[in-house]
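# Structure assessment
Listed here are the chains, written in short residue letters.
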Amino acid sequence: MKNYITELVGTFFLVLIIGVSGNPLAIGFGLTVLVYMGAHISGAHYNPVVTLAMFLRKEIDLTDSIYYFISQTIGATLASLVVFFLSSSPMETQPNLSASIYQILACEIIFTYLLVYVILNVATHPNLKGNSFYGLSIGLTVMAGAFSVGPTSGGVFNPAVSLGPTLSHYIIGDGISKYYLWYYLLGPIIGSLLATFHFNYLVKK
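Residues numbered from 1 in each chain as written. Predicted model: local features only at pLDDT ≥ 70, side-chain atom pairs only at ≥ 80, totals over all residues. Heavy atoms only, no water.

Helix and strand content of the protein chain: 8 helices and 0 strands. Relative to a compact globule of 205 residues, whose C-alpha radius of gyration would be 17 Å, the protein chain shows 16 Å and is just as compact. Seen along its three principal axes, the alpha-carbon backbone of the protein chain occupies a region of about 50 × 40 × 30 Å. Within the protein chain, the fraction of its 205 residues that count as buried is 49%. Approximately 9,700 Å² of the protein chain is accessible, and the part contributed by carbon and sulfur atoms is 68%. Charged side chains of the protein chain number 7 positive and 7 negative; the gap between the two group centres comes to 14 Å. (Helix = DSSP H or I, 4+ residues; strand = E, 2+ residues; numbered from the N terminus. Rg over C-alpha atoms; globule rule 2.2 N^0.38 Å. Buried < 20%, exposed > 50% of the residue type's maximum accessible area, 1.4 Å probe, protein only. Areas by Shrake-Rupley, 256 points an atom, 1.4 Å probe, with all protein chains shown as cover. Lys, Arg positive; Asp, Glu negative; His and termini not counted. Charge placed at Lys NZ, Arg CZ, Asp CG, Glu CD.)

In C-alpha cells:
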C-alpha cells in the first residue's frame, strides 16, 4: 500500500506543478525532487508509460502495475481539481492547434522514448546500480523535452497529465476536455514501447 500511496502523492504534485506553473524549469526540478522522494518506496514512476516499461521489463508485476495506474490517475485528477480551485479555470492539456497530428504525435513519441530510455538506463541498468544521479537525469530529460517540443505538442510525455485534467472536467461539470487525450495516450505508449524494445535488444543483450 505504501508504494501505491507514494505513486498517488508523487503524481499529484507533478501534475500540480505542471498545472500551476507551466514552467519547464519548475516541472523538471520538481520531478527531480519527487523522484528522489519516492524512488526507494515505489520506484517513482508517476507515469503510466513508465509503469508499462517496468512491467515489460519484469521489474513490476501485473497486479502492482494496475494499482500503479489507478494511483497515478487518482493523483493526477486530484491535482487537476486543486488547480481549478486555485485558479478558477479548468486545467487543460493541449497541443499547438496549428501543428499537424503527425507533428504532435512525433513530438510525444520521440521525447517519451527518450524519457523512458533514460529511466531504464539510470534506474535499472546493472552497471549504474546505486547511482545518485538518477533523479536529476530524469528531471532534466523532462525539462529538455518540455523546452524542445512543449510549444508544439504540449510536452506531456505522460498519459496521467492529460487523463487527470480530462476526468476533472467531468467532475466539475465542464464536459469533455476537447478531445486531446488520445494524443497523450497513443504517442507516449508508442514511445515507451520503442524505448523498452531498444533497451532490451540493444543494451541488455
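What follows is about the nonpolar core. Counting 29 residues, the largest nonpolar core has L31 and I138 as the members making the most contacts within it. Sorting the residues of this core by element identifies α1 (2–21), α2 (24–38), α3 (48–56), α5 (101–124), α6 (134–153) and α8 (181–203) as the ones contributing at least two each. With 9 residues, the top contributor of residues to this core is α5. Residue contacts for L31: discarding those within four places in its chain leaves L14, Y46, I138, G139 and V142. (Core = buried A, V, L, I, M, F, W, Y, C linked by side-chain atoms within 4.5 Å. Contact = heavy atoms within 4.5 Å.)

Time to look at the side chain of T196. Mapped onto the fold, T196 is located in helix α8. The residues touching T196, leaving out its near neighbours within four places in the chain, are A53, L56, R57, V116 and L120.

Right, let's get into the layout of surface pockets. Approximately 770 Å³ is the volume attributed to the largest pocket. Contributing to the lining of the largest pocket are 40 residues, with L14, L31, N47, V142 and N158 lying nearest its centre. When residues of the lining of the largest pocket are traced back to their parent elements, those giving at least two are α1, α2, α3, α5 and α6. Of the residues that constitute the lining of the largest pocket, the class distribution is 25 nonpolar, 13 polar and 2 charged. (1 Å grid on protein atoms, 1.4 Å probe; cavity = no way out; pocket = protein on both sides within 12 Å on 5 of 7 lines; lining within 4 Å. Points joined across faces, edges and corners; volume = space filled by probe spheres on them. Nonpolar A, V, L, I, M, F, W, Y, C, P; charged D, E, K, R; others polar.)

The next thing to look at is the side chain of T11. If you trace the backbone, T11 turns up in helix α1. Of the residues examined, T11 reaches a relative accessible area of 0% and is grouped as buried. A polar contact is formed between the side chain of T11 and the backbone oxygen of E7, at a distance of 2.7 Å. When residues no more than four places from it in sequence are discounted, the contact partners of T11 are Y46, Q72, G75, A76 and A160. (Polar contact = N/O pair within 3.5 Å; in protein donor to acceptor, adjacent residues only side chain to side chain.)

In this section: unusual backbone geometry. Negative phi is the rule for most residues except glycine; trans is the rule for most peptide bonds. Its identity as a non-glycine residue notwithstanding, A44 has a phi of 55 degrees, on the positive side. Position of A44 among the secondary structure elements: in the loop between α2 and α3. Using a relative accessible area of 8% as the deciding quantity, one classes A44 as buried. The phi dihedral of S88 falls on the positive side, at around 65 degrees, and the residue is not glycine. With respect to the helices, strands and loops of the structure, S88 is situated in the loop between α4 (62–87) and α5. Judged by relative accessible area, which is 59%, S88 ranks as exposed.

Taking 1.5 Å per residue, 23 residues should reach 33 Å; α8 reaches 32 Å between its end C-alpha atoms and fits that length. Burial in α8 covers these residues: L181, Y183, Y184, G187, P188, G191, S192, A195, T196, H198 and F199. Against α3, α5, α6 and α7 (159–171) lie the buried residues of α8. (Expected span 1.5 Å × (residues − 1).)

For the rest of this paragraph, the subject is the packing of aromatic side chains. This structure, assessed with the given rule, holds 9 aromatic pairs. Their ring planes at 35 degrees and their centres at 5.2 Å tell us that Y4 and Y67 sit as a pair that is tilted. Taken together, the positions of Y4 in helix α1 and Y67 in helix α4 put the pair 63 residues apart, joining distant regions of the chain. Residue class for Y4 comes out buried when judged on its relative accessible area of 15%. Taking relative accessible area as the criterion, Y67 reaches 42% and is therefore assigned partly exposed. Geometrically, the ring pair formed by Y4 and Y68 is edge-to-face, given 6.0 Å between the ring centres and 85 degrees between the ring planes. Linking Y4 in helix α1 with Y68 in helix α4, this pair joins segments that are 64 residues apart in sequence. For the residue pair Y4 and Y68, the accessibility class agrees, reading buried in each case. A network of ring pairs unites the aromatic residues Y4, Y67 and Y68 as a single cluster. (Phe/Tyr/Trp six-rings, centres within 6.5 Å; stacked < 30°, edge-to-face > 60°.)

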